[in-house]
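Results of the structural survey
Below are the chains, spelled out letter by letter.
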Amino acid sequence: MERETVVRTALELLNEVGVEGLTTRRLADKLGVKQPALYWHFKNKQELLNEMALVMIEEPMRAVSRPLPGQPWDEWLMARARVFRQTLRSYRDGARVHAGSRPTPDRLPDLVELMRPLLEAGFERQDAIRAFIAVGRFVVGSAIDELDHAVWEDPDGDFEFGLRALVSGMRSILEA
């Protein structure tokens, strides 16, 4: 049994039972192994959740890892936010899993490379980091809010308004 198999099966189980129903016992049953076998790959459930959060976004975010030729930084950042949101929404409780995750440094993408479009646009390093954090928190918070309050009339419109407002503020900081 490979580590990736455990994570992919955990993501399938997440879609079936949600984050509250995702237990190592259920996962072991689904994999056809005894529960202690999971600890060969993950020290605890939190470590598994951390890996699940990374795996769920790795592939979709590759498509927006860099701006398209000629694409302004702000359009690229908003495109990333939209892909991130859609990815979180494609898993039952995906936003909750991501909100509670703490990836280890060895599993984080090269942050300097990821921030390069913002640095090239003129952001100071610390402001570029803060921009990514702000957008990430907005996306995760919006996705969780949509889960908890499914009665919103226009969640897409609300998200787009908030995203535009956030990025507009970033433009103002850059211009100042």
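See the structure shown above.
Quick caveat: nothing in here was measured; it's all calculated off a predicted structure.

**Some words on the environment of Arg66**
Along the chain, Arg66 falls in the loop between α3 (45-62) and α4 (73-89). Taking the C-alpha atoms as reference points, Arg66 and Glu47, 19 residues apart in sequence, are found 28 Å from one another. Beyond its immediate chain neighbours, meaning those up to four positions away, Arg66 contacts Trp76, Glu113, Arg116, Pro117 and Glu120.

**So, the packing of aromatic side chains**
Tallying each qualifying case throughout the model produces three aromatic pairs. Arranged with centres 4.9 Å apart and planes meeting at 85°, the rings of Trp73 and Phe123 form a pair that is edge-to-face. Taken together, the residues Trp73 in helix α4 and Phe123 in the loop between α6 (111-121) and α7 (125-148) connect sequence positions 50 residues apart. Residue Trp73 is classed as buried on the basis of its relative accessible area, which comes to 12%. Overall, the relative accessible area of 7% leaves Phe123 in the buried class. Between the NZ or CZ atom of Arg85 and the centre of the ring of Phe159, over which it lies, the distance is 4.4 Å.

**Describing the pattern of salt bridges**
Under the defined criterion, the tally for this structure stands at 12 salt bridges. Two residues, Asp127 and Arg130, come together in a salt bridge whose shortest N-O distance is 3.7 Å. Taken together, the positions of Asp127 and Arg130, both in helix α7 and three residues apart, correspond to about one turn of that helix. Each of Arg85, Arg89, Glu146 and Asp156 takes part in a single network of salt bridges with overlapping partners.

**Some words on helix α8 (residues 155-175)**
With 21 residues, α8 should reach 30 Å at 1.5 Å per residue; the first-to-last C-alpha distance of 30 Å fits that figure. Within the span of α8, buried status applies to Phe159, Gly162, Leu163, Val167 and Met170. Buried residues in α8, looked at end-on, bunch into an arc of 120°, giving them a common side. More than 90 degrees from the buried face of α8, the exposed residues found are Phe161 and Glu175. Lining the buried residues of α8 we find α4 and α7.

Reading the values: the criteria
Residues numbered from 1 in each chain as written. Predicted model: local features only at pLDDT ≥ 70, side-chain atom pairs only at ≥ 80, totals over all residues. Heavy atoms only, no water. Helix = DSSP H or I, 4+ residues; strand = E, 2+ residues; numbered from the N terminus. Contact = heavy atoms within 4.5 Å. Phe/Tyr/Trp six-rings, centres within 6.5 Å; stacked < 30°, edge-to-face > 60°. Buried < 20%, exposed > 50% of the residue type's maximum accessible area, 1.4 Å probe, protein only. Lys NZ or Arg CZ within 6 Å of the ring centre and 35° of its normal. Salt bridge = Lys/Arg side-chain N within 4 Å of Asp/Glu carboxyl O. Expected span 1.5 Å × (residues − 1). Arc of directions from axis to C-beta.

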